[in-house]
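# Topology and contacts: notes
Chain by chain, the residues:
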Amino acid sequence: MKVYLDNNATTIVDPSVKEVMDPFFVEKYGNPNSLHAYAGETHPHIKTAMEKIYAGIQASREDSVVITSCATESNNWVLKSIYFEYILTGRKNHIIISEVEHPSIIATAKFIESMGCKVTYLPINAEGLIEAQSVRDNITSKTALVSVMWANNETGAVFPVEEIGEICAEYNVLFHTDAVQAIGKLPVSVQQFNVDYLTFSAHKFHGPKGVGALYIKKGREIMPLFHGGSQMGGLRSGTLNVPGIVGMGKAIEQAVDALDFEMSEIREMRDDFEDELLKIKDTFVVTPRNRRTPNTILISFRGIEGESMLWDLNRSGIGASTGSACASEDLEANSVMEAIGADEDLAHTAIRFSLSRYTTQEELDYTLDVVKKAVERLREISSSYAYSPEGHNSGLTAGH
Ligand code: PLP
């Protein structure tokens, strides 16, 4: 049996998304910026897709949604734009991010830090959560931007973006949120929350790879990313990715439609699966379930290297992860577990299971069976695991 439980890394493209994209490769392939009918026939499709994308995050018509190639690009763009517009010009000198942002935020923050920007890295608490108060405590009159993700890719922890947005508005500081892991899992509205910039990426919600977006609230400054053309209002020049835009439009519409299912059925399946996993001795989950996206479990099996567990799962046809997709090839401890303050052993034993609306009960039953056998096998040969009938103390709060 093949089971895909790595949906925080990427998702299957929904067949109906693929279907709406198909005509834009060999039939309607015109460059939308040309001046003939080949171009013209793409226009209504782009317009409809953009309307769906605006509706998907409840953006208003006056706001901008600029299509990019991925969330990494959108995240780089916001931080570098802040650097050019606010830091380099001397208007401000500081930004705040969390220490568990995606590498596309952390590495960009480190880059602009090396160019003279002060960066505060907000810690997470023992449950893997950010406390909004820590944003207030760190804002100065020179803070240009706060960038805190909506939901964490590894633990699924949902951060208090509503409160953080309010604090930023109170101090007149710009607020960016990386909502990559929130779209399709939680209601996302840029109207409801005070968000100035928001990042998302189609391949995380059953859309195609190679297309993402940056939402920019009306009136907020942004430096053009690519110069040289008039596309995307001159903010990001380059021939439009027509199939990608059409695919993202369809995918976000479906993601919003499937939200109730994700938040009820998928959550229930995840909870039952997690209950069963936690029955295995010496297993730990840090973030409480009601503070997580409905599809994610980051679980530590004491005494078992995450990579060994992945190997056993992979041999049985199951795809999971030890953390962020980008870090999975390194034998490194899970960075979020480290940030929480988990001991070495637990930080190296974290496995992430992330479900999607395509996940079935049969797949989870099969996975549970494989995990149980793998735990037994791997603990028998583990040099760091000594069985104790009382179990070990995680040193962390076991989350339910
Ligand atoms: N931000 C978060 C929270 C993510 O989980 C990811 C992907 O893992 C990204 C950004 C990067 O997304 P993309 O692959 O579209 O660049």
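Residues numbered from 1 in each chain as written. Predicted model: local features only at pLDDT ≥ 70, side-chain atom pairs only at ≥ 80, totals over all residues. Heavy atoms only, no water.

### Things to note about the overall build of the chain
For clarity, the cut-off: Think of it this way: any DSSP run of H or I at least four residues long counts as a helix, any run of E at least two long counts as a strand, and we number them from the N terminus. Atoms counted for the radius of gyration: C-alpha only. Globule rule: 2.2 Å times the number of residues to the power 0.38. Residue burial is assigned from relative accessible area. The probe radius is 1.4 Å, only protein chains are included, and a residue is buried under 20% of its type maximum, exposed over 50%, and partly exposed in between. In these tables, accessible area is a Shrake-Rupley quantity obtained with a 1.4 Å probe, and a residue counts as shielded only by the protein chains included in the view. Residues scored as positive are Lys and Arg, those scored as negative are Asp and Glu, and His as well as the terminal groups of each chain are ignored. We put the charge of a Lys on NZ, of an Arg on CZ, of an Asp on CG and of a Glu on CD.
The helix and strand inventory of the chain stands at 14 helices and 12 strands. Rg of the C-alpha trace for the chain: 22 Å, near the compact-globule value of 21 Å for 400 residues, within the 12% margin. Across its three principal directions, the C-alpha atoms of the chain cover 75 × 55 × 35 Å. By the burial criterion, 57% of the 400 residues in the chain qualify as buried. Per element, the accessible surface of the chain, about 16,700 Å² overall, is 52% carbon and sulfur. Of note, the chain has its 36 positive side-chain charges centred 4 Å away from the centre of its 54 negative side-chain charges.

### Overview of the sheet that holds strand 4 (residues 118-122)
Across a sheet, paired strands are connected by hydrogen bonds in the backbone, their directions being either parallel or antiparallel. Which entries qualify depends on this criterion: Note on pairing: DSSP must find at least two bridges between two strands before they are called paired. Working convention: axes come from line fits to C-alpha atoms, limited for helices to the stretch in contact. Angles between N-to-C directions cover 0 to 180 degrees. Pairs of residues are marked as contacts when any of their non-hydrogen atoms sit within 4.5 Å.
What the seven strands build is an open sheet, ordered 2-8-7-6-5-3-4; its pairing is mixed. On the outer flanks of this sheet lie strand 2 (64-68) and strand 4, each paired with one strand and no other. Each strand axis lies, on average, 20° off the axis of its neighbour in the sheet, ignoring direction. Note: strand 3 (residues 94-98) against strand 4, five bridges, orientation parallel. Bridging from a neighbouring strand, S98 pairs with L122 of strand 4. In this fold helix 4 (residues 43-57) packs onto strand 2, strand 7 (197-201) and strand 8 (212-216), with an angle of close to 115° to the strand it touches most, strand 2. Lying over the sheet, helix 6 (residues 103-114) contacts strand 3, strand 4, strand 5 (143-147) and strand 6 (174-178), oriented at roughly 155° with respect to strand 3.

### Observations regarding the confidence of the model for the chain
Short version of the rule: What pLDDT conveys is the predictor's confidence in a given residue, as a value from 0 to 100.
Of all residues in the chain, 94% have pLDDT values of 70 or greater, and the mean over the chain is 93. Below a pLDDT of 50 lies the segment residues 324-328, which in the model reaches nine contacts outside its immediate sequence neighbourhood of four places, other chains included.

### Side note on the nonpolar core
Heads up, the rule is: Grouping buried Ala, Val, Leu, Ile, Met, Phe, Trp, Tyr and Cys residues that are joined through side-chain atoms within 4.5 Å yields what is termed a nonpolar core. Note that domain bounds follow an automatic or database assignment of domains.
Membership of the largest hydrophobic core comes to 94 residues, with the highest contact counts inside it found for I57, V65, I95, V146, W150, L198 and F200. Looking at which domains feed residues into this core, each of domain 1 (3-9 + 260-385 + 393-397) and domain 2 (15-257) supplies at least three. With residues near it in sequence (within four places) discarded, I57 still touches V65, I183, V188, S189, V190, L198, F200, Y215 and I252. By size, the runner-up hydrophobic cluster in this structure holds 28 residues, among which are I299, F353, V370 and L378.

### Description of helix 6
Residues that lie three or four places apart on an α-helix share one face, since the helix turns once every 3.6 residues. Quick note on the threshold: By this rule, a helix spans an expected 1.5 Å times one less than how many residues it contains.
In this model, helix 6 (12 residues) spans 16 Å end to end at C-alpha, consistent with the 16 Å of a helix rising 1.5 Å per residue. Among the residues of helix 6, S104, I105, I106, T108, A109 and I112 are the ones counted as buried. Immediately beyond the C-terminal end of helix 6, within one or two residues, lies G116, with a positive phi of roughly 110°.

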